[in-house]
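The chain contents come next:
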Amino acid sequence: MIDRNAFRRQPDVLQAALSRRNMALVAEGSAWQRALALDVEQRRGKQQAEALQAERNRVSKLIGQKKRSGEDASGELARMAEVGAETTALDHKAKAAEEAFTQALLEIPNPLHDSVPDGDDEDANVELRRWGNPRADAVPNHWDIGGDRLDFEAGARLAGSRFSVLRGPMARLERALMQLMLDLHVDRHGYEEVWVPAIANRETMMGTGQLPKFEADLYRLAGEDAFLIPTAEVPVTNLYRGMVLEAAQLPIRHCAYTPCFRREAGSAGKDVRGLIRQHQFDKVELVQLVHPDTAHEALEQLTGHAEAVLQTLELPYRVVVLCAGDVGFSSEKTYDLEVWLPGQQCYREISSCSCFGQFQGRRAQIRFRDQPKGKPQAVATLNGSGLAIGRTLVALLENGWQPDGSVRLPEVLHPYMGGMQMIPAAGKGGAS
RNA sequence: GGAGAGAUGGCUGAGUGGCCGAAAGCGGCACCCUGCUAAGGUGUUACACGGGCAACUGUGUCGAGGGUUCGAAUCCCUCUCUCUCCGCCA
């Protein structure tokens, strides 16, 4: 949620920052324009209602005093009978106006950080650096390398399209990667591991910005106002919803493994083959709650922590900064890590690291006191994938592929794979 | 899933229609006293939003939402959560 005070004091600055994302955001009929109009209406209604309430409270108190001392209060009572109904009506009107205002505010995205480059879509994202040496030889796609151990037919039969079943060494590799990533972030980067529910209620989804705007992207539970989480960011950030923290508690750093569920509405036809775009996938997520002054410093660090996973797995990648038109709703700045996939001869997103400034902190009411007696202010939040596990598995298969069909595994993985150094070539038909 | 009990400030806990934004205790903070420590004394100590340069002031908040009433922590309705017992279950 954008800052109400800034919204009132310098709407021009905010409007400029918003229009960098997309001019439509500030056009006629946009949530922004609605909010501007509703704010005025909302405040006027509130003042009228409060004036009447003050009158009612004053007279009611008088009636109480008179009754106690045995005096006659029928004059006041008669007067208040009329005022009462009017008060209720005005109060309801004021509440409705405030509700509409808040709804409009919730639909306004986070204004961008100044360092975000201009641009309309992903083509304008800016590459910042590369790591590793991409192999240039001809490598099969991961689904060919995986063979019958990546079973998309079984996934479709059990659940539907975009679901999969992993068998044997592939299932083990999925599990090994979870462990490796969590261990790395806990032991080397100082994150506290948490384990959280994969279902979140509406309030929780509101807190991190998935709702109210993006309900169509979520799986909703029938008969309940609850959803499957699209990322661990949701439950982990909301761990602190409604809390006032002490400055000394910051920064808070958590990593978590969860399954993630996405409807992928609107991505019809994209990545239909293979593991790249699934309705259910595994991810280890990094989440930080920090002092707003250090937020962007923290983003650099957090991005480095995600990069460390790729480096330890010896996977070539590049870092891009998303341009204005490509940054997500709640984020003020985002780096994507893109891993080299030799089977597709391209870089594919494997991690997205975002700084949300105080946007989520305000929405979810996660605050802290800078001074012991000071006014609580919203914390800054950040998160990043560290990493998406299915896509990491894909990258390992394609980058580790050997001409004989086997897959060489990087050394750090060997202990997690029970000593296995190679995944044998896929069998020719039949389960291996 | 069934039956019952409950939800009050940072915490414990009183409060069954007006004198209650809320007793008391603990904790926190400030000051005083004391050679240090300990003990003691006095005062103070919720949040949000609106108006005001400010002093200050208005409104709302006793799990959430609605209702009754001139007036609700207190009465009524709905919901959420917690606890106990029963059932079921990894």
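For the structure, check the block above.
For clarity, every value in this text was computed on a predicted model and none was experimentally measured.

A.B. asks: Just checking my understanding: could you explain the pairing of strand 15 (residues 380-388) for this structure?
C.D. replies: In regular strands, side chains alternate between the two faces of the sheet. Burial of strand 15 is extensive: 9 of the 9 residues sit out of reach of the surface. For strand 9 (residues 280-290) and strand 15, the ladder comprises 7 bridges, and the chain directions are antiparallel. In the strand pairing of strand 15, Leu286 is matched with Gly384. Two elements, strand 12 (residues 346-355) and strand 15, share 3 bridges in a ladder whose sense is antiparallel. Directly across from Ser354, in strand 15, lies its bridge partner Asn383.

A.B. asks: How should I be thinking about the protein's contact with RNA strand B in this particular structure?
C.D. replies: Close contacts around RNA strand B come from 21 residues, with Arg8, Arg43, Lys46, Gln53 and Ser60 the closest. Backbone sugar and phosphate groups make up 66% of those atoms of RNA strand B lying within 4 Å of the protein. Gln53 is positioned with one of its side-chain polar atoms (N or O) 2.9 Å from a sugar or linking oxygen of RNA strand B. One nitrogen or oxygen atom from the side chain of Arg68 is found 3.0 Å from a sugar or linking oxygen belonging to RNA strand B. Elements with a contribution of two residues or more to the surface near RNA strand B: helix 3 (31-68), helix 4 (74-106) and strand 13 (367-369).

A.B. asks: I'm lost on the packing of aromatic side chains in this one. Help?
C.D. replies: Each aromatic ring pair is described using two quantities: the centre-to-centre distance and the angle formed by the ring planes. The final tally for this structure, using the stated rule, is 6 aromatic pairs. Between Trp131 and Tyr317 the ring centres are 5.7 Å apart and the planes differ by 20°, which places this aromatic pair in the stacked class. One end of the pair, Trp131, is in strand 1 (residues 126-131); the other, Tyr317, is in strand 10 (residues 317-321), with 186 residues separating them in the sequence. Residue classification places Trp131 among the partly exposed positions, given a relative accessible area of 32%. Pairwise contacts between aromatic rings join Phe7, Trp32 and Phe101 into one cluster. Here Arg253 stacks its cationic end above the ring of Tyr191, 5.8 Å away from the centre of that ring.

A.B. asks: I'm lost on the packing of helix 7 (residues 169-188) against helix 10 (residues 295-312) in this one. Help?
C.D. replies: Each pair of packed helices can be described by the angle between their axes along with the distance between the axes. Where helix 7 contacts helix 10, the two axes come as close as 10 Å, and the packing angle between them is 125°. For the element pair helix 7 / helix 10, the angle class is oblique. Between helix 7 and helix 10 lies a crossing whose hand is right-handed. Mapping the contact onto sequence places Met181, Leu184, His185 and Arg188 in helix 7 and His305, Ala308, Val309 and Thr312 in helix 10.

A.B. asks: Hey, could you run me through the sheet that holds strand 13 in this one?
C.D. replies: Pairing between the strands of a sheet is mediated by backbone hydrogen bonds and can be parallel or antiparallel. Pairing in this open sheet of 3 strands is mixed, and the strands run 7-13-14 from one edge to the other. Looking at the sheet topology across the chains shown, the edges are occupied by strand 7 (244-246) and strand 14 (376-378). Taking each pair of neighbouring strands and ignoring which way they run, the sheet shows an average axis angle of 40°. The sheet contact formed by strand 13 and strand 14 spans 3 bridges and is antiparallel. Along strand 14, the bridge assignment pairs Arg369 with Pro376.

A.B. asks: I keep staring at unusual backbone geometry and nothing clicks. Help me out?
C.D. replies: Among all residues save glycine, negative phi is the norm, and among peptide bonds the norm is trans. The omega torsion across Leu211 and Pro212 is 5°, close enough to zero to call that bond cis. Relative to the elements of secondary structure, Pro212 occurs in the loop between helix 8 (202-208) and strand 6 (226-228). The linkage connecting Gly386 with the following residue, Leu387, adopts the cis geometry, with an omega of 10°. Inspection of the secondary structure puts Leu387 in strand 15. Backbone geometry places Glu314, a non-glycine residue, at a positive phi of 60°. Here Glu314 is to be found in the loop between helix 10 and strand 10. Glu314 sits in the partly exposed class, given a relative accessible area of 42%. The residue Gln365 is not glycine, and still its phi comes out positive at about 55°. Overall, the relative accessible area of 42% leaves Gln365 in the partly exposed class.

A.B. asks: Whenever I open this one, helix 12 (residues 389-400) confuses me. Can you help?
C.D. replies: In an α-helix there are 3.6 residues to a turn, and that puts residues three or four apart on one side. Taking 1.5 Å per residue as the helical rise, helix 12 with its 12 residues ought to reach 16 Å, and the 16 Å between its terminal C-alpha atoms agrees with that figure. Of all 12 residues in helix 12, 12 are buried; the element is thus mostly enclosed.

A.B. asks: Help me understand the state of the cysteines, please; the structure alone is not making it clear to me.
C.D. replies: Covalent bonding between the sulfur atoms of two cysteines is what defines a disulfide. In this structure the tally under the stated criterion is 0 disulfides. A disulfide-free cysteine, Cys355 has its sulfur positioned 11 Å from the sulfur of Cys353, the nearest such atom.

A.B. asks: Teacher, can you tell me more about the side chain of Gln278 here?
C.D. replies: Summarising the element assignment, Gln278 is placed in the loop between strand 8 (252-261) and strand 9. Of the residues examined, Gln278 reaches a relative accessible area of 6% and is grouped as buried. Of note is the side chain of Gln278, whose polar atom sits 2.8 Å from the side chain of Ser164. From its side chain, Gln278 meets the backbone oxygen of Gly274 in a polar contact 3.2 Å long. Apart from the residues lying within four places of it in its own chain, the contact partners of Gln278 are Phe152, Arg162, Phe163, Ser164 and Glu264.

Conventions used here
- Residues numbered from 1 in each chain as written.
- Chains lettered and ligands numbered in written order.
- Predicted model: local features only at pLDDT ≥ 70, side-chain atom pairs only at ≥ 80, totals over all residues.
- Heavy atoms only, no water.
- Buried < 20%, exposed > 50% of the residue type's maximum accessible area, 1.4 Å probe, protein only.
- Helix = DSSP H or I, 4+ residues; strand = E, 2+ residues; numbered from the N terminus.
- Pairing = 2+ DSSP bridges.
- Near = heavy atom within 4 Å.
- Polar contact = N/O pair within 3.5 Å; in protein donor to acceptor, adjacent residues only side chain to side chain.
- Phe/Tyr/Trp six-rings, centres within 6.5 Å; stacked < 30°, edge-to-face > 60°.
- Lys NZ or Arg CZ within 6 Å of the ring centre and 35° of its normal.
- Axes fitted to C-alpha atoms, helices over the stretch in contact; angles between N-to-C directions.
- Parallel < 35°, antiparallel > 145°, perpendicular 65-115°, else oblique.
- Left-handed = near helix turned anticlockwise from the far one by under 90°.
- Contact = heavy atoms within 4.5 Å.
- Expected span 1.5 Å × (residues − 1).
- Disulfide = S-S within 2.5 Å.

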